[in-house]
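Now for the letters of each chain:
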Amino acid sequence: LIAAAEGERRGRIGGMVNISERPAEAADRAVPGHWEGDLLMGGTGKGAVITLVERSSRFVLLAPLPGRHTAEIARLSLAEMIATLPLELRKSITWDRGSEMAQHAQFKIDTGLQIYFCDPHSPWQRASNENTNGLLRQYFPKDTDLHRHRREDLDAVALALNTRPRKTLDWRTPAEALDQYLRSIQHG
C-alpha cells in the first residue's frame, strides 16, 4: 500500500484523494461534519493521541493510542470515534500524509467517510487541527509519556477545550456551536 515517493522522506499512500477534491462546503466551513485529524505524538516510543477537530465548530475528539500506532490500530480507533457521532456530523476527514492512514480505503468502506489528504509539507491545510494540537501541548508538553493517559484523562482535556470560548466563534464555545447546529437541523 505504501511506496516511496521520489523526493519525499515519508512513504506515499496508495489511492489518496487530494484535498483539492474536498467539497466546497468543507473548505469554507459552511456545513458542520467535516473534520481534520492528526496524531499528537508523545516522546519517542511514548504513545500517541488521535486528535479530531470539527472544522466549523472546532469541537474536539481525542482517543489514546497507547501502544503502537500502526495503520490498522489507527483505522480501528478512528472508526470507533466516528461511530459516536450523529450521522449529520459524518461527512469527511482531512488528514496529513502519515503512514497511519495507509488503510484509508478500508476506513471508507467501514464508515462511509472519505479521507482527503493534504498536499506534502502543508500542515496549514489542516489549520484547525494544527491550532488544536498547539492547545493540547498545554496539557501534554512535547516528550510527554502519553502511555499513562487513559481515555478518561483525554475526555477531560477535550471537555476543557470544548467548553472554552473562542474568538473565532464569536465567543461561543465549540460545544455551544455544535449544539446550535444540531438543534437547527432537528427543528429545520
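Residues numbered from 1 in each chain as written. Predicted model: local features only at pLDDT ≥ 70, side-chain atom pairs only at ≥ 80, totals over all residues. Heavy atoms only, no water.

### Re the overall build of the chain
A count of helices and strands for the chain gives six helices and eight strands. From first element to last, N terminus to C terminus, the chain shows the α and β order β-β-β-α-β-β-β-α-β-α-β-α-α-α. For the chain, the C-alpha radius of gyration of 16 Å lies close to 16 Å, the compact-globule estimate for 188 residues. Dimensions of the chain, computed from the C-alpha atoms along their principal axes, are close to 50 × 35 × 30 Å. Residues counted as buried form 48% of the 188 residues belonging to the chain. Contacts spanning at least 24 positions in sequence make up 62% of the contacts within the chain whose residues lie at least 6 apart. When the accessible area of the chain is evaluated, it comes to approximately 9,700 Å², of which 52% is carbon and sulfur surface. Positive and negative side-chain charges in the chain, numbering 25 and 24 respectively, have mean positions lying 3 Å apart. (Helix = DSSP H or I, 4+ residues; strand = E, 2+ residues; numbered from the N terminus. Rg over C-alpha atoms; globule rule 2.2 N^0.38 Å. Buried < 20%, exposed > 50% of the residue type's maximum accessible area, 1.4 Å probe, protein only. Contact = heavy atoms within 4.5 Å. Areas by Shrake-Rupley, 256 points an atom, 1.4 Å probe, with all protein chains shown as cover. Lys, Arg positive; Asp, Glu negative; His and termini not counted. Charge placed at Lys NZ, Arg CZ, Asp CG, Glu CD.)

### Considering the side chain of threonine 132
The residue threonine 132 is located in helix α4 (residues 127–136) in this model. Classification of threonine 132 by relative accessible area gives buried; the value is 0%. With near-sequence residues (within four places) excluded, threonine 132 lies in contact with Val53, Val60 and Leu161.

### Section: the side chain of aspartate 96
Here aspartate 96 shows up in the loop between β7 (92–95) and α3 (104–111). A polar contact of 3.5 Å, which involves the side chain of aspartate 96, links it to the side chain of tryptophan 95. A polar atom in the side chain of aspartate 96 sits 3.0 Å from the backbone nitrogen of glycine 98. (Polar contact = N/O pair within 3.5 Å; in protein donor to acceptor, adjacent residues only side chain to side chain.)

### A closer look at the environment of leucine 65
For leucine 65, the location among the structural elements is in strand β6 (residues 60–65). Spatially, the C-alpha atoms of leucine 65 and glutamine 125 are 24 Å apart, while their sequence positions differ by 60 residues. Apart from the residues lying within four places of it in its own chain, the contact partners of leucine 65 are Leu39, Gly47, Ala48, Val49, Ile50, Ile73 and Ser77.

### What about the pattern of salt bridges?
One pass over the full model with this rule turns up eight salt bridges. Among the ionic pairs, arginine 126 bridges to aspartate 96, the shortest N-O distance being 3.9 Å. In this pair, arginine 126 is assigned in the loop between β8 (114–117) and α4 and aspartate 96 in the loop between β7 and α3, connecting sequence segments 30 residues apart. Taken together, the shared-partner salt bridges connect Asp38, Asp96, Arg126 and Glu130 into one network. (Salt bridge = Lys/Arg side-chain N within 4 Å of Asp/Glu carboxyl O.)

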